[in-house]
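Per-entry structural report
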Amino acid sequence: MPKISIQDLKKIKEKERARMVLREGEYRAKITVHMGTCGIAAGAREIMTYFRDRIGQENLTDVILTNSGCAGLCAKEPMITVELADAAPVKYVLLDKEKAQRIFDEHVLAGKPVEDYALARGSETRAT
Amino acid sequence: MCASPYYRMQLMICAGTGCMASGSLEVKAALQKELTKRNLQDDVQIIMTGCNGFCAMGPLVVAYPDGIFYNQVKPEHAPLIVEEHVLKGRIVKELLFKEPVAKDQVPLIKDIGFFGRQRLIVLRNRGLIDAENIDEYIARDGYSALGKVLEEMTPEEVIEEVKKSGLRGRGGGGFPTGLKWEECRKYNNFPKYTICNGDEGDPGAFMDRSVMEGDPHSVLEGMAISGYAIGAHKGYIYVRAEYPLAIKRLQKAINDAREYGLLGTDILGKGFDFDIEIYPGAGAFVCGESTALMFSIEGKRGMPRIKPPRSAEAGLWNKPTNLNNVETFANIPPIILNGGDWFASIGTEGSKGTKVFALTGAVNNVGLVEVPMGTTLKELIFEIGGGIPKKRKFKAAQIGGPSGGCIPLGMEDVEIDYESLIGVGAMMGSGGVVVMDEMTCMVDTARFFTGFCVDESCGKCIPCREGLKVMYDKLTDICEGRGQEGDVEFLIELGHHINSTSHCGLGKSAANPVLSTIRYFRHEYDAHIRDKHCDALVCPNLIDFVVIEDKCKMCGLCHKNCPSNAIIWEKKTVARIDLEKCTKCRTCITNCRFHAIR
Amino acid sequence: MEDRDALLKKKVQRTVEVLPAKELAKLDEVIARYAGKAGHLIPALKDAQEMYGYLPMEVQHRIADGLHVSPSHVYGVVTFYSFFTIMPRGRHTIRLCLGTACYVKGSKEILETIVREVGINVGETSQDGRFTIEAVRCLGACGLAPVMMIGEDTHGNVDPKDTLRIIQAYE
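Residues numbered from 1 in each chain as written. Chains lettered and ligands numbered in written order. Predicted model: local features only at pLDDT ≥ 70, side-chain atom pairs only at ≥ 80, totals over all residues.

What follows is about the overall build of chain B. Counting its regular elements, chain B contains 23 helices and 16 strands. By the compact-globule yardstick of 25 Å for 598 residues, chain B is too spread out, its C-alpha radius of gyration being 32 Å. When the backbone C-alpha atoms are referred to their principal axes, chain B occupies close to 90 × 85 × 40 Å. Counting every position in chain B, which comprises 598 residues, the buried fraction comes to 53%. Expressed as a percentage of contacts within chain B between residues at least 6 apart in sequence, the contacts between residues at least 24 apart total 70%. (Helix = DSSP H or I, 4+ residues; strand = E, 2+ residues; numbered from the N terminus. Rg over C-alpha atoms; globule rule 2.2 N^0.38 Å. Buried ≥ 20, exposed ≤ 12 C-beta atoms within 10 Å, placed from the backbone. Contact = placed C-beta atoms within 7 Å.)

Next up on the list: the pairing of strand β14 (residues 432–437) of chain B. Strand residues, when the strand is regular, have side chains that alternate between the two faces of the sheet. Residue and element names in this part refer to chain B. When you tally the buried positions in β14, you get 5 out of 6 residues, the bulk of the element. Here strand β10 (residues 354–361) pairs with β14 via 4 bridges, running parallel. Its bridge partner being in β14, Leu-359 is matched across the sheet by Val-433. Pairing analysis gives 5 bridges linking strand β12 (residues 394–399) to β14, with the strands arranged antiparallel. If you follow Ala-397 over to β14, its bridge partner there is Val-435. (Pairing = 2+ DSSP bridges.)

All names here are of chain C. Mapped onto the secondary structure, Val-59 falls in helix α5 (residues 57–67). C-alpha of Val-59 to C-alpha of Ala-25: the two residues are 34 residues apart in sequence and 9.7 Å apart in space. If we ignore the near neighbours within four places in the chain, the residues touching Val-59 are Leu-27, Ala-48 and Tyr-52.

Our next topic: the domain arrangement of chain C. Assigned domains of chain C: these are domain 1 (4–11 + 88–168) and domain 2 (21–80). Placing a centre on the C-alpha atoms of domain 1 of chain C and another on those of domain 2 of chain C gives a separation of 29 Å. (Domains from an automatic or database assignment.)

Before going further, it helps to examine the interface of chain C and chain B. Opposite the 28 residues of chain C that make contact, chain B presents 33 residues. Within the residue set of the side of chain C that touches chain B, elements represented by two or more residues are α4 (41–52), α6 (71–80), α7 (100–104) and α8 (107–118) of chain C. For the side of chain C that touches chain B, the per-class residue count stands at 16 nonpolar, 8 polar and 4 charged. (Nonpolar A, V, L, I, M, F, W, Y, C, P; charged D, E, K, R; others polar.)

Moving on, we come to the interface of chain B and chain A. Listed as interface residues are 58 residues of chain B and, on the opposing side, 46 residues of chain A. Classifying every residue of the side of chain B that touches chain A by side-chain character gives 26 nonpolar, 14 polar and 18 charged.

Before going further, it helps to spend a moment on the nonpolar core. Residues Ile-225 and Ala-397 of chain B together with Leu-45 of chain C are the most contacted members of the largest nonpolar core, which totals 261 residues. With near-sequence residues (within four places) excluded, Ile-225 of chain B lies in contact with Ala-145, Leu-146, Val-149, Val-158, Ile-332 and Ile-336 of chain B. (Core = buried A, V, L, I, M, F, W, Y, C linked by C-beta atoms within 7 Å.)

Residues that lie three or four places apart on an α-helix share one face, since the helix turns once every 3.6 residues. Residue and element names in this part refer to chain B. With 18 residues, helix α21 (residues 512–529) should cover 26 Å at 1.5 Å per step; its first-to-last C-alpha distance of 21 Å lies more than 12% under that length. At Phe-521, α21 shows its strongest bend, of approximately 95°. Counting buried residues along α21, 13 of its 18 residues qualify, which places the element largely inside the surrounding structure. (Expected span 1.5 Å × (residues − 1). Bend = angle between axes of the 7 residues up to and from the residue.)

Residue and element names in this part refer to chain B. Put simply, helix α18 (residues 462–479) and helix α19 (residues 487–501) touch, their axes get as near as 10 Å, and they point 160° apart. By the angle class used here, α18 and α19 are roughly antiparallel. Remark: the crossing between α18 and α19 carries left-handed chirality. Each of Pro-463, Cys-464, Gly-467, Leu-468, Val-470, Met-471, Lys-474 and Ile-478 in α18 lies in contact with α19, whose residues at this interface are Asp-487, Phe-490, Leu-491, Leu-494, Gly-495, His-497, Ile-498 and Thr-501. Taken together, the residues of the contact of α18 with α19 break down into 10 nonpolar, 4 polar and 2 charged. (Axes fitted to C-alpha atoms, helices over the stretch in contact; angles between N-to-C directions. Parallel < 35°, antiparallel > 145°, perpendicular 65-115°, else oblique. Left-handed = near helix turned anticlockwise from the far one by under 90°.)

On to the sheet that holds strand β8 (residues 272–280) of chain B, then. Residues and elements named next belong to chain B. Strand order in the open sheet formed by 5 strands is β7-β8-β6-β5-β9, and the pairing between neighbours is mixed. Here the strands that pair on one side only, and so sit at the sheet edges, are β7 (264–267) and β9 (321–325). Sheet twist, expressed as the average angle between the axes of neighbouring strands with direction ignored, equals 25°. When strand β5 (residues 193–198) meets β9, the two strands line up parallel, connected through 5 bridges.

All right, on to the pairing of strand β6 (residues 234–239) of chain B then. Residues and elements named next belong to chain B. Burial of β6 is extensive: 5 of the 6 residues sit out of reach of the surface. In this sheet, β6 lies alongside β5 in parallel orientation, the contact comprising 6 bridges. Pairing of Thr-194 across the sheet is with Gly-235, part of β6.

The next point concerns the sheet that holds strand β2 (residues 131–136) of chain C. All names here are of chain C. Spatially, 4 strands are ordered β2-β1-β3-β4 in an open sheet, and the strand pairing comes out mixed. On the outer flanks of this sheet lie β2 and β4 (153–155), each paired with one strand and no other. In this sheet, adjacent strand axes meet at a mean angle of 20° when their direction is disregarded. As paired strands, strand β1 (residues 92–97) and strand β3 (residues 148–150) are joined by 3 bridges and run antiparallel to one another. For Leu-96, the partnering residue across the bridge sits in β3 and is Met-148.

Turning our attention to unusual backbone geometry. Of note, the amide linkage connecting Glu-77 of chain A to Pro-78 of chain A takes the cis form, showing an omega dihedral of -5°. Here Pro-78 of chain A lies in the loop between β2 (63–68) and β3 (80–84). The step from Lys-307 of chain B to Pro-308 of chain B runs through a cis peptide bond, and the omega angle for that step is 0°. Inspection of the secondary structure puts Pro-308 of chain B in the loop between α12 (290–297) and β9. The backbone phi angle of Asn-318 of chain B is positive, close to 65°, even though this residue is not glycine. One can find Asn-318 of chain B in the loop between α12 and β9. Despite not being glycine, Phe-545 of chain B has its phi angle at roughly 55°, a positive value.

Turning our eyes to something else, we now look at the domain arrangement of chain B. Residue and element names in this part refer to chain B. Per the domain assignment, the segments of chain B are domain 1 (9–95), domain 2 (134–344), domain 3 (354–437), domain 4 (442–529) and domain 5 (544–598). Its C-alpha centre places domain 2 at a distance of 27 Å from the equivalent point of domain 3. In this complex, domain 2 contributes 14 residues to the contact, which on the side of domain 3 involves 15 residues. Across the side of domain 2 that touches domain 3, the residue classes tally to 4 nonpolar, 5 polar and 5 charged.

As C-alpha cells, then:
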C-alpha cells in the first residue's frame, strides 16, 4: 500500500463515510456487535457467530456485520446496534442467541425493531 | 413452525377475513401459477392460514423456514417473490414491513438517563467504528488533526493550543498537559521519548482499556502529535499484561498506520518521523507511577525514584521524556481540530473538558460514562447510574482507586473536578467510581484497600512498606473483634505519617482510604471496637448470627441455602441458627430479603 | 470442617523441579532474539515463562548469562512482577478478581468457597496439579463483577453457589 498524503486522507474519509451512513442502494442494514473485553466475556462472540452464520445462510449481500468497542453500558452486555438504511440505529441489550434470532428475523430482515429487547434508538454522537 | 420434510419451503398466506378482503386468494392463485411455471410445485408448499392479526397490512405472506414477513402483497408481486426469494434466497425488500414513523415505542437515546447526560469527546467513536479498521477511524475525522498539525502548525503553536485548552493529566495527577509538553520541548537532548501510560492499575477503572480496545488510533494520533510538539520520534505504549485484547488491537492499529505512512518516516509527506512500540507490562501496580514505568521499560524493577530531575529533563534512558495517560492522548485530536477555546468552554474553572468515569459496584447501570467536569456525584450515580439496585440505600462512593477516598451520603452534591474532590478527601485518580450500599462495611473496605497497597508497595521506602503493614494488621484486629480504645487515633497518626513521609504517589496517598473512612464513618469504627458489632453484617466475628423473630417471614431461603445445614426451619416457623454448626459464611445473610438475621 | 482461619493460612509446600538439559537448550533461541538490546529482559522472561510455564532458577541463570546481566538482577525482576512465577503451576490457573468492584459484589465469598472446597489458597497449587489459584487486582471487566478467569475463559457474575460447578468443568 502506498503511503498516503493529506489529500488521500480526505478521499478515504469521503469514501468511508458514504459506506458508514448506509447510502441508499448499497447496504440496507448494519449490525454492530460491541466487542470489548466485557462484551466478549458476556457472550458477544456467540452473538457475532450467530449473525455471521445467518447472513451466510440467507446469502445476504446488503447487510454489514461489524464489531466495535465497548458501548459503555457494561452491565447490559452483550449489546448490539442495528441500523437500517432509513432509520435511526437501535441499541439492543442483554442478548442471547434466542434474542439475536428474533432481532435478526424481525428487525434486520423485516424492518421492525424488537421493542422487547431494545434499549434506545438514536446515536450518541452526531452521525457523520 | 418448521418446514415439512417434503417441502423445501412453505409460503403461508393469510386467509383471515381481512386478508381475503384485500385479495389474498388472488395472491395465492398467482403464486401457485408462478411456482408451477417453474416446476417448483413439489418444492414449495402453499398453506392458507388463519388471521395473523395484522389485518391492516394484508394480504400477508410469511415465508418459512426463515419466517420472512411480507405485507401488502399483490398478485403482480408473485413472480418477484418466486424469482427472488424462492429461487435465489434473497429477500424482497419492497414487501417487507416498514415501521410507520410516528409510533416509535423504543425511546430515543437522548431520553435515556445513562446516555442522555453524557458528553462524548474521548469516547467520541465508541460503538461507531470498527477498532480494527483504520478507514473507519479516518472517516470520523481521524488523523486529520495530525494532518493539520504537520501542515499548518509549528510545535510551539501546538503546545500553545493544548495550554489554552486547559487539559490536565487524566491519569490522576492532574498536571496541565500543555505545560508538561512545553517543559519537555525545552531540553536539547536527543533522542526524546513520548510514552503513553496504559498501565491502568486502579481496581474499578477500565476507561483506558475501553479506549485502547475500541479506538486505538485516537491514542496513536494523540501520541504522534505530542511527539511533534516536544521533538520526539519514538513513542512507547505501556499496557498492562492483563489487557491482551487492547494489546492486540493497538498492534493492529500501529501496523495499519505504518502501512498508510501515518507512522514511520516522512508522515503524510511532511517530513516528520515518528514510530510507536508497545511494551506490555508484567503486573505491578506501582508501574503506573511515571518513573517506575520508565524503569520497567528499561527492564528493571519498577521502583519510583526521587525527583528531580523530572522526567521531562531526564526520563527514559535518561533522555527527556513526556508521559501522558491514554485518556489524555485521546483528548488531543479533538482539541487540535476544534481549538483550545472550545475545549476550555466545557467544564469548571480549574478543570476543563470532560472526564470518563468507570461506574461500578452497587449501581444499576455499571459502565463507562463521559461527562463534563463539574457534574455532581448525585447526577453521576442516580441519573446516569440509575441508582442503587435492590432498593438498598446509598452509603458512599469511593473515587480515585486505592489511594482515593470515600464520599459519604449527604455529600453527593459535590461537583466533580480535581480540586473539589481533594477538598472532600478523595481524588480524581483515574476516574474509577465504586458505589457502595448499606451492605458494605467501611472498616472492611478500608482494610481491603490497605491490603491492596501492602501487596503493591514496591518496598523501597519504609513508611509505605512497613507502615501499611502495621495499619493492615490493626484494621484486621478491628474487623475480627480485637479492636481496642485508641486504635482509631493510632490509625490516624500513622496514616498522616505514611502520607507525609513516603516519596511516590502510591505511598503518599496509600492511607487515604483509611483516613477518609475514619473521617466520615467514625461511628462504624467505634461500633466495631466498642460494641463488637458490624452493622453492615460483613465482618463474620462481629455478627451474632441470630434471627430477629419480628422480621423473619418464615420463607426458609436461609435454610435452603445454608451450606452447613446450620439453620433449623420448617414451614410456618421462624428460622433458628444452630451456632454449633454455623461456620459464619454469611450465606444466610446475603439470601435473606428481610434483613432478619444479625 | 477445619477452622476457616486455619484454612486461609494453610500453605502447600512445593519442590522446584530440575529441567533436562535438552529442554533448557531451547532457551538459547529466546536469548538470541533479545541479546544485545537494551531493556529486553522482561520480554525475554515472558517468552521463557510461556515455554516452561514458570521460571526455575536454571532458566533465570541462563538468561542472565545470555543477556549479560547479573543473576540477582534477573531474580529481582522476576520476583518484583506478579506476572512471573518461580513455582510450577497447575493445569488450570484460576484468577479470581479481588478488585474493588468485585470485592464489593462479594468475590471474597467466592474465594472462601474455593478455599473450602478445593482446599488450596491464593498462590497455591492443588496436590493433583489441577488448579493454581491467583488473586488479581482487576481484570477490567467490572461490569460483570464478580469476575473469575480460568485459563483464558472469563466467567462473569459468578455466584458463590455456581463457583464449584464452573470449576468442576475443568479437568
